[in-house]
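One letter stands for each residue in the lines below.
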Amino acid sequence: MASELEPEVQAIDRSLLECSAEEIAGKWLQATDLTREVYQHLAHYVPKIYCRGPNPFPQKEDMLAQHVLLGPMEWYLCGEDPAFGFPKLEQANKPSHLCGRVFKVGEPTYSCRDCAVDPTCVLCMECFLGSIHRDHRYRMTTSGGGGFCDCGDTEAWKEGPYCQKHELNTSEIEEEEDPLVHLSEDVIARTYNIFAIMFRYAVEILTWEKESELPADLEMVEKSDTYYCMLFNDEVHTYEQVIYTLQKAVNCTQKEAIGFATTVDRDGRRSVRYGDFQYCEQAKSVIVRNTSRQTKPLKVQVMHSSIVAHQNFGLKLLSWLGSIIGYSDGLRRILCQVGLQEGPDGENSSLVDRLMLSDSKLWKGARSVYHQLFMSSLLMDLKYKKLFAVRFAKNYERLQSDYVTDDHDREFSVADLSVQIFTVPSLARMLITEENLMSIIIKTFMDHLRHRDAHGRFQFERYTALQAFKFRRVQSLILDLKYVLISKPTEWSDELRQKFLEGFDAFLELLKCMQGMDPITRQVGQHIEMEPEWEAAFTLQMKLTHVISMMQDWCASDEKVLIEAYKKCLAVLMQCHGGYTDGEQPITLSICGHSVETIRYCVSQEKVSIHLPVSRLLAGLHVLLSKSEVAYKFPELLPLSELSPPMLIEHPLRCLVLCAQVHAGMWRRNGFSLVNQIYYYHNVKCRREMFDKDIVMLQTGVSMMDPNHFLMIMLSRFELYQIFSTPDYGKRFSSEITHKDVVQQNNTLIEEMLYLIIMLVGERFSPGVGQVNATDETKREIIHQLSIKPMAHSELVKSLPEDENKETGMESVIEAVAHFKKPGLTGRGMYELKPECAKEFNLYFYHFSRAEQSKAEEAQRKLKRQNREDTALPPPVLPPFCPLFASLVNILQSDVMLCIMGTILQWAVEHNGYAWSESMLQRVLHLIGMALQEEKQHLENVTEEHVVTFTFTQKISKPGEAPKNSPSILAMLETLQNAPYLEVHKDMIRWILKTFNAVKKMRESSPTSPVAETEGTIMEESSRDKDKAERKRKAEIARLRREKIMAQMSEMQRHFIDENKELFQQTLELDASTSAVLDNSPVVSDMTLTALGPTQTQVPEQRQFVTCILCQEEQEVKVESRAMVLAAFVQRSTVLSKNRSKFIQDPEKYDPLFMHPDLSCGTHTSSCGHIMHAHCWQRYFDSVQAKEQRRQQRLRLHTSYDVENGEFLCPLCECLSNTVIPLLLPPRNIFNKLNFSEQPNLTQWIRTISQQIKALQFLRKEESTPNNASTKNSENTDELQLPEGFRPDFHPKNPYSESIKEMLTTFGTATYKVGLKVHPNEEDPRVPIMCWGSCAYTIQSIERILSDEDKPLFGPLPCRLDDCLRSLTRFAAAHWTVASLSVVQGHFCKLFASLVPNDSHEELPCILDIDMFHLLVGLVLAFPALQCQDFSGISLGTGDLHIFHLVTMAHIIQILLTSCTEENGMDQENPTCEEESAVLALYKTLHQYTGSALKEIPSGWHLWRSVRAGIMPFLKCSALFFHYLNGVPSPPDIQVPGTSHFEHLCNYLSLPNNLICLFQENSEIMNSLIESWCHNREVKRYLEGERDAIRYPRESNKLINLPEDYSSLINQASNFSCPKSGGDKSRAPTLCLVCGSLLCSQSYCCQTELEGEDVGACTAHTYSCGSGVGIFLRVRECQVLFLAGKTKGCFYSPPYLDDYGETDQGLRRGNPLHLCKERFKKIQKLWHQHSVTEEIGHAQEANQTLVGIDWQHL
Ligand SMILES: [Zn+2]
Ligand SMILES: [Zn+2]
Ligand SMILES: [Zn+2]
Ligand SMILES: [Zn+2]
Ligand SMILES: [Zn+2]
Ligand SMILES: [Zn+2]
Ligand SMILES: [Zn+2]
């Protein structure tokens, strides 16, 4: 039990340190039995080094192991000091030209889409950047760990296999050279010895299964009695379960438990207890008991400590081997040799075999160590790679079976190495021919899916959990098959043919088990009770899709193979459906004198299956026969005569009929599983080997049989035979008015059948079916997708089928068919169809879903209308069929077809008597159109000797024969042309008639029937006129209707809230277009406007009326009226901070009176500018609060705002707010007394104020000590002489109404509460300071934004900003009236003392540590509290002016002290001016006062320049401040952008243009003040270089610089490891865009406690870096994250775009991403404007799911 109390660090055994590696190695060199010698050494020392306590000490262990264990081996191997030996080896080595860098988790990898043999061939970043592929089309992904760089592997790349680095000496290594030639015999022998012993030792100990006994040769004499309770990882139990169990079982804290669980998850095992056997056993039983309630208990073993010690060293040894072979390819070869050498037990006894075969028994950590070793040894050696591949293939079945039953992820299994071996084309080929790999993989796969139905087909229904689990895992075998097939052979040997065909046989066996699986029967009456299982079958189909395609590609590359495969496939299909008649009695069908025999089969009554992979493979091979022309070259070798077309078409036809019936609603009772199956059948992921091939199979069948027969069989399968074979059946059918449903059903079925015929004739874009190539096929797909709407690149990619290399072939053709439109600031780039491609549009394109079809139809008609064309969408001209399919076109002119067309047209003509539909007619018209196009084509391409056999025009001109004598199709069309109920189809019918005439003309080359034709045209002409008029009338109606709708819309838009919502949701855009002019006061004609001081421009009083958004009542803003308020949001801010490491430590004690110039903790106020009555707002807020309480009780839902913290949404614009600002008139006017006396100058004023302050301080002291000796007091009172006119007992009356006073307090308290993060306390003396501070900070932040954007200071500002600044300034100026007078006076005194020192304030900051603008605002706004007691006649304006001048001078001194002019070596431009000599003189004075500590005097020109530049921000802020304070309009000059306006600002602010004049005018007092400032200790320290100070102008803060190429960010993040868990890779590395810190986000390891809650690294970071607000980039996801507080957050679109103008959130597509500067600026702007929180609010309101995310854990 005492073990846990043992000292953590034990003294290191002396004997260990005394070991000499050299001596030991020397002993080994002499040894006769080296193995015994080494083993004894290990047996003795390993347990002394490893596992000496409950916790591992990796550093100490590694150090000792190197010294005692590995050191001797290195000496032995080198035969000398390894410090010299290894470099020698390295030098002699001819480095391999393979890179082989093993990827870390999260590292970026690159694959070239142009040159990589397959997508698994990847490069590391370094190689990629040095390769030719960086200029190709490439894909970037982040590695999941494992795998290595393929640079240098000539088999992996079609071109450019070497990067610059690995290209070196490739010419020399033309032929394979034995790397051993570079090593001496001795080294070889010794290496061999030591490798053999150590490798064997490692394998032996790692695969050792006994728990308390060591292998005999390692057993020790004296053995300690310590054990470990070892916990192993599994994938069944969750983190939480493990943590909970451990706390119970070993009595540890939660933190320790988390530590254990993390290690178990990472390394696969961790000891959780150390001690005697009993002690460990006890913990084991608790863990097992606690976890056995789930499927299986956690695996725990009690192991003797020496076993664990040896195992730990075994792992160390393997890594050591891995690093030693890095020195020389020769050493590597020896290791490979040792590893693959067969042991004494024969087959499978080599060390490599032994490791592989016990893979699933090893823990995660051990597996990854030896996998890494395999990768850096066996897979890096070309010779042994082959041998290893053979071993791997021989063990394949066993390894896969182990993997399937193991529960670890694939990446931790040795089976996963298949990707490294099988994707090497030469190895794959060798393994196929020599090891029969294809058959092995397929058979292994089949062995794991033994559950079959009565017909031997797979059955997934009622799978147990275990079977389902196995099924999931066994799917990786399909991936292996894919790897093997991925590169097609260029040359075939007879062995390859034989083995491939053997594999093909196995594959057919597999497909046979799928043919007809999951059959379904139509449910009638009852709805099905349980949705049948369907997903497993489709998963299988989907996984196999590419394999099936690749099998066909392989067959296509060799004629012999193709012929054999075709025969085999046909044979298997015959086996499946040999007796397809199923013993049914044949029935005979006949129409139009044709008759055919078929079976009686109804899809709606019997079993039918969607899975027909054998038929579909045969269809694919059949097309290949045509494409490769084997069908014409070797017809005698093909079993064409054995083909039975009816048998071929039967099952695909059933499947298509099933789809039609489902669409007709006949299978509704079969539930969703069927709907899903039909969906996937057509889906882009499956259709290539499902739906598409069924169409091909029908085309194959039709091309080999009489089309009349085919059509009759089809009618019968569609269950429509009766309708078309019985004359007038339709009429009877409808007049019976049977079931409306049935009519509808039949109509749909007829439509579907016609659609199918259109597809059979029209779909000839697969190479081999039609005379086209693959490019044509892709082009056509794209054209049809873009016919629906313009699409982004990724959308388009998703709609196209991908091949096994994930390519769609789109890029090569897209330019030919589409234009690219670049994206703007939002949205993405779009492809638009080129207009000339519209003629290739086919309304009945077979890959359209129904919704897409109708959208495309609408879009195309609209386009035609826009181009003022008729709206007919005739079938496009098609490419000719290949000869094998050529006879297919005859279906169009077959008798049965004509009969069907005629019948339907007849129904349309007699439109009231029959059940028919417009869609039906539309399809018939399309078919007729197709036939006409076909005939035209035939006529155009006819050669002399050929007779055109396609005579559709003739056939449709003929009237029906007796006895019916129905009119000809042509006649019926002419009739229909004028049918009023067919308006939509009129253009199409006219197109048909026109084309008919054209074709007829072509046929009858001599003009035989001109009459008929003119007739036609006349008819056409007149009808066209009529049409025009009609269309005009319709257009008019449409226009009127549109206008009406528009009117309604604008009525709706007038609705108050909606309108404003739109208007105000626009964020703080400082844009002229959206903003109002700043000044609403009347223009004062006087051009010399002055904002402050006794000569301040007097603005006539203006009455202001505002409307409450809640009650809509209008009210004037007056001092004594009810308060009006603006919704406002106060937040802490670090946006302007120059020191992010600084934050308020203890808010209760923090003194905010002086703002440091680093502006580190500001309080920002913003407002949406919406005005309410204070009482209306109060009522609104109360109701929000009440509603929220109810809601929380009921639903426990969160909202985007925190009511408990006073947050609410503006009732108008839903902008996040947390308080309100009262609306006030310029407050100074109320207190400004008349100027009735001479005003003092600065010196006099300072004296007066100093006296007043002295008096106040005296009185204050007296008040605070009332009980003191009264005599003393009275004495003092005598001493005190009150300055003239000063009445400290006077207390002015507060002019504001109660309601305004209340709001002043409300906002003041809110600013205090938020700014300091404390509980509200309206009495706190810091409340007024916070109000002034927020005013100053907000003005500064707006000044920054304007300067950064080069906007003029008083240019047009959005109303909300203008309103906010005005209200905030006036509020801050009025706040003193609700605060304690003496408190405000106290603040004033202290602030004043910082510039004009007096005795009672000593610990004040020096002028370098005061932000002068904050000081100015504080002084000016506190001053009335003093001035109100002064009746000597000094006006408020005078005080303002003097304060301003004083602070300005202090700022100039600040700037001069901190200026560093030496670095700008610019030359003086102008001759010396007045300002320059003045500033030089001032500088000299300074130099004197600082005891020459100030730097040598630079030129006056430079000084003046830096003063001007440094003071500009201050002047601008001051101008804004006084403008809003006093309401003086801004001079028009400053309202326009352009020059710096320095002079204008000075005039407006009542400053001399030569600022230095201020000093000269007041030299009397200023000299003494400057002296006192310079004598400060801190100033001295600064000048002596002991501390730093802020320089001016302060630069604007920017978000960090992001690299142009996103992958360098990924690379940066992949090198980042979690700071808390010792070198572990972080799973979600996240970059702070404000300060550039990388954080380990969303992970247990980096959670910290903040205010009593566990928060993730990001949230914790926001508190120090952004005072609660954060902007991050999640690097793995390529996603921007906004955080505010603990509960708010949203994702924002990243500033990285691919070449197609799209972002890739989640990095799913892997296109190269580049920085979009504009988008990044937009994010920066949000930050500068303090709009991040608001943005989150809007995002959360728009998307409620964001509210539920645990943002604080990120
Ligand atoms: Zn590389
Ligand atoms: Zn390379
Ligand atoms: Zn390339
Ligand atoms: Zn109101
Ligand atoms: Zn609002
Ligand atoms: Zn940061
Ligand atoms: Zn971490």
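The preceding data block contains the structure.
Presented here is an overview of the structure given in this document. (Residues numbered from 1 in each chain as written. Chains lettered and ligands numbered in written order. Predicted model: local features only at pLDDT ≥ 70, side-chain atom pairs only at ≥ 80, totals over all residues. Heavy atoms only, no water.)

1. Details of the overall build of the protein
Moving on, step 1. Within the protein, the regular secondary structure consists of 65 helices and 25 strands.
Moving on, step 2. Out of the 1754 residues in the protein, the part that is buried amounts to 56%.
Moving on, step 3. The long-range share in the protein, meaning contacts at least 24 apart out of those at least 6 apart in sequence, stands at 76%.
Moving on, step 4. Split by element, the accessible area of the protein, about 76300 Å² in all, is 50% carbon and sulfur. (Helix = DSSP H or I, 4+ residues; strand = E, 2+ residues; numbered from the N terminus. Buried < 20%, exposed > 50% of the residue type's maximum accessible area, 1.4 Å probe, protein only. Contact = heavy atoms within 4.5 Å. Areas by Shrake-Rupley, 256 points an atom, 1.4 Å probe, with all protein chains shown as cover.)

2. Some words on the sheet that holds strand β4 (residues 269-275)
Moving on, step 1. Pairing is antiparallel across the open sheet formed by three strands, whose spatial order is β4-β3-β5. Both edges of this open sheet fall to β4 and β5 (300-304), since each of them pairs with a single strand only. Within the sheet, the average angular offset between the axes of one strand and its neighbour, ignoring direction, is 30°.
Moving on, step 2. Sheet topology note: the strand β3 (residues 227-232)/β4 ladder contains six bridges and is antiparallel. (Pairing = 2+ DSSP bridges. Axes fitted to C-alpha atoms, helices over the stretch in contact; angles between N-to-C directions.)

3. Side note on the coordination of the zinc ion (ligand 3)
Moving on, step 1. Taken together, Cys112 (SG), Cys115 (SG), His133 (ND1) and His136 (ND1) make up the protein donors of the zinc ion (ligand 3), found 1.9 to 2.2 Å from the metal.
Moving on, step 2. Considering all four donor atoms around the zinc ion (ligand 3), angles at the metal cover 99 to 116° and the coordination shape is tetrahedral.
Moving on, step 3. Written as a sequence motif, the donor residues of the zinc ion (ligand 3) are C-x2-C-x17-H-x2-H. Taken together, the residues Cys115 in the loop between β1 (105-112) and α6 (125-129) and His133 in the loop between α6 and β2 (138-144) connect sequence positions 18 residues apart. (Donors = N, O, S within 2.8 Å, 3.2 Å for Na, K, Ca; no water. Tetrahedral: all angles 85-135°; square planar, octahedral: opposite > 155°, others 65-115°.)

4. What about the pairing of strand β23 (residues 1688-1692)?
Moving on, step 1. Most of β23 sits inside the fold, with four of its five residues counted as buried.
Moving on, step 2. Two strands pair when backbone bridges link them, and strand β22 (residues 1679-1684) and β23 are joined in this way by five bridges, in the antiparallel orientation. Its bridge partner lying in β23, Leu1683 is registered against Gly1689.
Moving on, step 3. The turn linking β22 back onto β23 is made up of three residues, and Gly1685 within it adopts a positive phi angle of 65°.

5. Quick notes on the side chain of Arg391
Moving on, step 1. Take Arg391: it is sitting in helix α16 (residues 382-394).
Moving on, step 2. Within the structure, the side chain of Arg391 is placed 2.8 Å from the side chain of Asn348, a separation counted as a polar contact.
Moving on, step 3. Among the polar contacts made by the side chain of Arg391, one reaches the side chain of Asp353 at a distance of 3.0 Å.
Moving on, step 4. Those residues within four positions of Arg391 in sequence are excluded, and the remaining contacts are Leu340, Glu347, Asn348, Asp353 and Met356. (Polar contact = N/O pair within 3.5 Å; in protein donor to acceptor, adjacent residues only side chain to side chain.)

6. A few points about the pattern of salt bridges
If the charged atoms of two oppositely charged side chains come close together, the side chains can form a pair.
Moving on, step 1. Under the defined criterion, the tally for this structure stands at 73 salt bridges.
Moving on, step 2. Ionic pairing is found between Asp406 and Arg367, a salt bridge with its closest N-O pair at 3.0 Å. Of this pair, Asp406 sits in the loop between α17 (396-405) and α18 (418-422) while Arg367 sits in helix α15 (residues 364-376), and the two are 39 residues apart along the sequence. When sorted by exposure, Asp406 lands in the same class as Arg367, which is buried.
Moving on, step 3. With its nearest N and O atoms 3.8 Å apart, the salt bridge here joins Arg1508 to Glu1543. In this pair, Arg1508 sits in helix α57 (residues 1500-1526) while Glu1543 sits in helix α58 (residues 1542-1548), placing the two residues 35 residues apart along the sequence.
Moving on, step 4. Take Glu1543: its relative accessible area is 37%, and that puts it in the partly exposed class.
Moving on, step 5. Three or more residues are tied together by salt bridges with common partners; here these are Arg113, Asp114, Arg137, Glu807 and Glu811. (Salt bridge = Lys/Arg side-chain N within 4 Å of Asp/Glu carboxyl O.)

7. With respect to the packing of helix α48 (residues 1242-1264) against helix α60 (residues 1563-1574)
Moving on, step 1. For the pair α48 and α60, the least separation of the axes is 8 Å and the interaxial angle reads 60°. If you check the angle between α48 and α60, you find them oblique. Contacts from Thr1243, Ile1246 and Arg1247 in α48 reach Glu1564, Ile1565 and Leu1569 in α60. (Parallel < 35°, antiparallel > 145°, perpendicular 65-115°, else oblique.)

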